[in-house]
Structures are given as structure tokens and as C-alpha cells.
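Below, each chain spelled out in residue letters.
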Amino acid sequence: RGGASITRCPRHSTSGRGATRCRCAAGWYGSDPARCKLCPRNRYCVGGASVRRCPAHSTSRPGGTQEDACRCLPGYTRRNGRCEKCPAGFFCPTVGGKPVKCPARSSSEAGAKDGRDCDCLKGFSQWNKGNRVAKTRAGPSCFPCAAGYYCPGGHRPSVCPADSTSDRGSDSARDCTCK
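Residues numbered from 1 in each chain as written. Predicted model: local features only at pLDDT ≥ 70, side-chain atom pairs only at ≥ 80, totals over all residues. Heavy atoms only, no water.

Asks: In this structure, what is going on with the state of the cysteines? I would like to understand it.
Replies: Linking two cysteines covalently via their sulfur atoms produces the bond known as a disulfide. Counted by the stated rule, this structure contains ten disulfides. The disulfide that involves Cys9 links it to Cys22, with 2.0 Å between the sulfurs. With the S-S bond torsion at -90 degrees, the cross-link from Cys9 to Cys22 turns out left-handed. With Cys9 in the segment before β1 (13-14) and Cys22 in the loop between β1 and β2 (23-24), this residue pair connects regions lying 13 residues apart in the sequence. Of the residues examined, Cys22 reaches a relative accessible area of 25% and is grouped as partly exposed. (Disulfide = S-S within 2.5 Å. Helix = DSSP H or I, 4+ residues; strand = E, 2+ residues; numbered from the N terminus. Buried < 20%, exposed > 50% of the residue type's maximum accessible area, 1.4 Å probe, protein only.)

Shown next as C-alpha cells:
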């Protein structure tokens with residue numbers, strides 16, 4: 001009745017209620033609704049011809065429909081709607097992941113991507129009973145610095161100068177005293 005006909009929109013395009021034209025659907029883009037293209041990686045497409053770049057330090061999979069499709073890269077975490085460096089003392093190992101605290105007796109600088117970016121605190125090292133314990137993606141195992149050594153932080157202890165020694169857990173050459 002009334003002579004109006006309903007035409008179906010082409011694949012990957014849509015129209016609003018009562019609209020007379022089709023446009024590319026969210027996650028797709030193009031000026032011709034019969035030739036919509038999948039929204040590319042690191043972009044999001046709200047529909048129509050619009051292609052928007054993900055914010056700094058974020059990425060998206062193809063087909064992103066809104067800015068929320070953009071997730072923070074490793075080493076970054078979302079705060080206040082932006083991707084900011086992972087805080088010191090933590091690492092952010094996955095795309096869009098939450099910060100993970102460095103293991104006991106270790107810390108990291110801001111922007112750490114995995115546990116290997118965490119280093120032992122002063123007075124601790126990765127050496128236990130003369131053997132170095134390797135870092136893993138989960139971070140280092142940090143042990144109190146052995147007597148006769150000092151540990152300024154990091155992974156390797158330093159031996160006290162000849163004819164001097166230090167207490168367990170020392171963190172500076174000043175802790176080495178004459179025998």
C-alpha cells in the first residue's frame with residue numbers, strides 16, 4: 001500500500017529505521033555501501049566512511065567498532081581512559097592486561113613489559129649459595145646478599161675488597177669492613 005518498497009542493504013552495511021540510504025556498518029568502512037571493507041588493525045570504524053586511529057600505545061584487531069576495541073600494548077595499562085606506562089614496581093605483559101606486581105624483593109621502572117624487567121632490590125641478588133637463579137617471565141627470585149658480598153641492586157652481587165667482609169644483606173661497598 002502506498003507504493004513504497006523495502007530494499008535490503010548490501011552485506012556489511014546497514015540503515016537506521018526510516019532511512020532511505022544504506023551505509024557501512026560498525027567495524028566496516030567505505031563510501032559505497034555495496035563495497036564495505038573490514039576495518040583495519042590498529043583502527044576502529046564506527047560505520048560509514050569513518051576510519052579512526054587507535055590512541056597512542058594501543059592496538060586493535062581488524063573489525064574494531066569503537067575506541068574500546070583498542071587495547072593497551074604490553075608495558076602499558078589503561079588509566080583515566082588512556083594507555084599509560086605500567087607503574088614502577090609492576091609489569092604489564094599482555095595486550096589489554098592488568099599490571100602484575102614484581103616478585104618479592106624486586107621492582108621495575110615504569111613501562112615494564114614482563115617479569116624479566118624486574119630487578120632485585122638493594123641488599124638482594126639472584127645468587128643463592130653461589131649459583132645464579134635465572135629470571136623467568138614471572139620475574140626474578142631474589143635472595144639476601146651473602147656475607148662477604150654487597151648487592152647494590154640488579155642481579156649480580158659484588159665481592160667485598162680483599163681482607164674485608166660484610167654482613168648478609170649488605171647493599172653497598174661501605175658495608176665491607178676489615179677482617
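This is not the end of the story, as more comes after the structure.
Asks: Quick question: what am I supposed to make of the environment of Arg78 here?
Replies: You can see Arg78 is positioned in strand β9 (residues 76-79). Sequence spacing of Arg78 and Ser58 is 20 residues, and the spatial spacing of their C-alpha atoms is 9.4 Å. For Arg78, the contacting residues outside a window of four places in its chain are Cys70, Arg71, Cys72 and Cys83. At a separation of 2.7 Å, a polar atom in the side chain of Arg78 contacts the main-chain carbonyl oxygen of Cys70. Side-chain polar atoms of Arg78 contact the backbone oxygen of Gly81, separated by 3.1 Å. (Contact = heavy atoms within 4.5 Å. Polar contact = N/O pair within 3.5 Å; in protein donor to acceptor, adjacent residues only side chain to side chain.)

Asks: Is there a simple way to explain the pattern of salt bridges in this structure?
Replies: When their charged atoms lie close together, side chains carrying opposite charge are able to pair. On inspection of all chains with the given rule, the structure shows five salt bridges. Put simply, Arg82 and Glu84 hold a salt bridge, and the shortest N to O gap is 3.6 Å. Residue Arg82 is classed as exposed on the basis of its relative accessible area, which comes to 54%. Among the salt bridges present, the one from Arg116 reaches Asp114, with a minimum N-O distance of 2.7 Å. By sharing partners, the salt bridges in this structure join Arg79, Arg82 and Glu84 into a single network. (Salt bridge = Lys/Arg side-chain N within 4 Å of Asp/Glu carboxyl O.)

Note that all results are geometric; they support no functional claim without further evidence.
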